[in-house]
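Structural characterization, general
One-letter residues, chain by chain:
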Amino acid sequence: MTKAYRLHRTGGPEVLSFDEVEVGAPGPGEVRLKQTAVGLNYIDVYHRTGLYPLELPSGIGLEAAGVVEAVGEGVTGFTPGDRVAYAGPPIGAYAEARLIPAKAIVKLPDSIDDIQAAGMMLQGMTVEYLIHRTYPVKAGDTVLFHAAAGGVGLIACQWLKQLGATVIGTAGSEEKAALAKAHGADHVILYKQEDIAKRVREITDGAGVPVVYDSVGKDTFEASLDSLSVRGMMVSFGNASGPVPPFDPGILSAKGSLYFTRPSLMAYIAKHDEMLTAADRLFTAVDKGLSINVNQTYPLSEAAEAHRALEARETTGSTVFTV
Ligand code: NDP
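It should be emphasised that the depicted structure is a prediction, and the values quoted were computed from it without experimental measurement. (Residues numbered from 1 in each chain as written. Predicted model: local features only at pLDDT ≥ 70, side-chain atom pairs only at ≥ 80, totals over all residues. Heavy atoms only, no water.)

**Brief notes about the site of the ligand**
As a structural note, the neighbourhood of the ligand is formed by 30 residues, with Y129, K176, Y191, L265 and R313 the closest of them. Q123 has a polar side-chain atom sitting 3.2 Å from an oxygen atom of the ligand. At 3.2 Å from a nitrogen atom of the ligand is found a main-chain nitrogen or oxygen belonging to A240. Protein burial of the ligand: of its 900 Å² of free accessible surface, 92% is covered by the chains. For the shell around the ligand, the elements supplying multiple residues, two or more each, are α1 (42-49), α2 (114-134), α3 (151-162) and α10 (303-311). (Near = heavy atom within 4 Å. Polar contact = N/O pair within 3.5 Å; in protein donor to acceptor, adjacent residues only side chain to side chain. Areas by Shrake-Rupley, 256 points an atom, 1.4 Å probe, with all protein chains shown as cover. Helix = DSSP H or I, 4+ residues; strand = E, 2+ residues; numbered from the N terminus.)

So this is what it looks like as structure tokens:
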């Protein structure tokens, strides 16, 4: 038996139920992991509230690091004792131990510890696909990246600088703006008090930016479109303030023949080789100096408090549960 969080219903942080569950032996193609560190991601909030519906009861969580305890029939490439990490389905990362398909995990380099790994796999592979494959950022591009002091945001600021881009971030407070700047943002707009599109036009001498990465959703949608240059790309990849309401595609024409995409990590790592490439690029970026800022850690038993803090915009960088 082990302990794992289960969702029996959707709602506030109080619906996170830390239950006794049976793990069992790994089946064909699976490994059993003893988990040491679990990543908190905003998608966990969407699953908990029901914004992204799950069949209940369900596990929760998509990212962790740990040690292989046992391997099932047909598993090659992993043996008990290997240090590994993962980000992605099947759901159920908020657990002390679990079974997982071997094709979902990657071995960890010695240079990356378990807390770092749990703080970077999902957010880091997200930044990889956003800036390499959704809109491939080139040296000299100026990009707008919202929530720049968050988990995804601090990784993005640093990685965009490695690519030679100029980064305009947004943040909810002066402290968060300073943090984003310390991680490479060239300009930070305080979006609670400043006009985002107006500031972007000032910074870009009226041109606007070729790409906006927007995970805030409802509150920033219009301003993001208004910040784009002609034929620019709006990458809407999250809903921290609520989902973007339905809109008339004519708005994309009126604002300059814009492109709109609503990507998800799962579609960009669905193929095993894509997941391995994304993880490899992330490890390389870390080797080159990208730092993973695990600015909050909680025991796994305090997941509800961590959810509350994330939704209240009290966190910066990544949050990890220790097991
Ligand atoms: P963050 O650490 O970035 O936390 C969310 C941040 O969003 C907050 O800290 C806050 O920063 C900002 N925010 C703005 N408005 C609100 C609001 N009304 N309520 C709460 N937060 C708000 O989280 P993650 O790094 O885990 O994820 C960032 C975003 O990226 C999320 O929206 C997530 O869903 C999305 N995402 C999407 C993926 C995809 O493939 N589509 C994959 C991974 C993440 P501030 O106070 O500075 O405004």
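**Comments concerning the domain arrangement of the protein**
Splitting the protein by domain gives domain 1 (2-122 + 293-322) and domain 2 (135-262). Taking only C-alpha atoms, the centre of domain 1 and the centre of domain 2 are 29 Å apart. Taken together, the contact pairs 13 residues of domain 1 with 17 residues of domain 2. A buried area of about 970 Å², summed over both sides, lies between domain 1 and domain 2, and 49% of it is on carbon and sulfur atoms. There are zero salt bridges connecting domain 1 and domain 2. Taken together, domain 1 and domain 2 are joined by eight residue pairs in polar contact (both at pLDDT 80 or more). For the side of domain 1 that touches domain 2, the elements supplying multiple residues, two or more each, are α1 and α2. Grouping the amino acids of the side of domain 1 that touches domain 2 by side-chain chemistry returns five nonpolar, seven polar and one charged. (Domains from an automatic or database assignment. Contact = heavy atoms within 4.5 Å. Buried area = accessible area lost by both parts, 1.4 Å probe. Salt bridge = Lys/Arg side-chain N within 4 Å of Asp/Glu carboxyl O. Nonpolar A, V, L, I, M, F, W, Y, C, P; charged D, E, K, R; others polar.)

**Digging into the packing of α1 against α10**
Relative to each other, α1 and α10 sit at 105 degrees, their axes nearing to 10 Å. Taken together, the axes of α1 and α10 are roughly perpendicular relative to one another. Contacts between α1 and α10 pair Y42, D44, V45, R48 and T49 from the former with H307, L310 and E311 from the latter. Partitioning the contact of α1 with α10 into residue classes produces three nonpolar, two polar and three charged. (Axes fitted to C-alpha atoms, helices over the stretch in contact; angles between N-to-C directions. Parallel < 35°, antiparallel > 145°, perpendicular 65-115°, else oblique.)

**Looking at the UniProt feature "domain: Enoyl reductase (ER)" (unreviewed entry) in the protein**
On the UniProt side, "domain: Enoyl reductase (ER)" (unreviewed entry) is annotated at positions that read residues 11-321 here. Helix makes up 32% of residues 11-321 and strand 26%, and the two end C-alpha atoms of the span are 21 Å apart. (UniProt positions renumbered as here; feature names shortened; annotations may be inferred.)

**What to know about the sheet that holds strand β9 (residues 166-171)**
Strand order in this open sheet of six strands is β10-β9-β8-β11-β12-β13, and the pairing throughout is parallel. The open sheet has two free edges, formed respectively by β10 (187-190) and β13 (259-261), since each of these has just one partner strand. Between one strand and the next, the sheet's axes are offset by a mean angle of 15 degrees, whatever the strand orientation. Relative to β9, strand β8 (residues 142-145) runs parallel, the two sharing four bridges. In the sheet register, T142 faces β9, and the bridge partner there is T166. Strands in contact with helix α4 (residues 174-182) are β9 and β10; relative to β10, the strand with the most contacts, it is inclined by about 165 degrees. The sheet contacts of helix α5 (residues 196-203) involve β8, β9, β10, β11 (209-214) and β12 (228-236), and relative to β10 the element is tilted by about 155 degrees. (Pairing = 2+ DSSP bridges.)

**Points about the pattern of salt bridges**
Inspection of every chain in the model, using the stated rule, returns 16 salt bridges. Notably, a salt bridge pairs R199 with E194, separated by 3.2 Å at the nearest N-O pair. Looking at R199, the relative accessible area reads 22%, which means it is partly exposed. Between E314 and R308 there is a salt bridge, with the nearest N and O atoms lying 3.1 Å from each other. Shared partners join several salt bridges into a network, and the residues in it are E194, K198, R199 and E202. (Buried < 20%, exposed > 50% of the residue type's maximum accessible area, 1.4 Å probe, protein only.)

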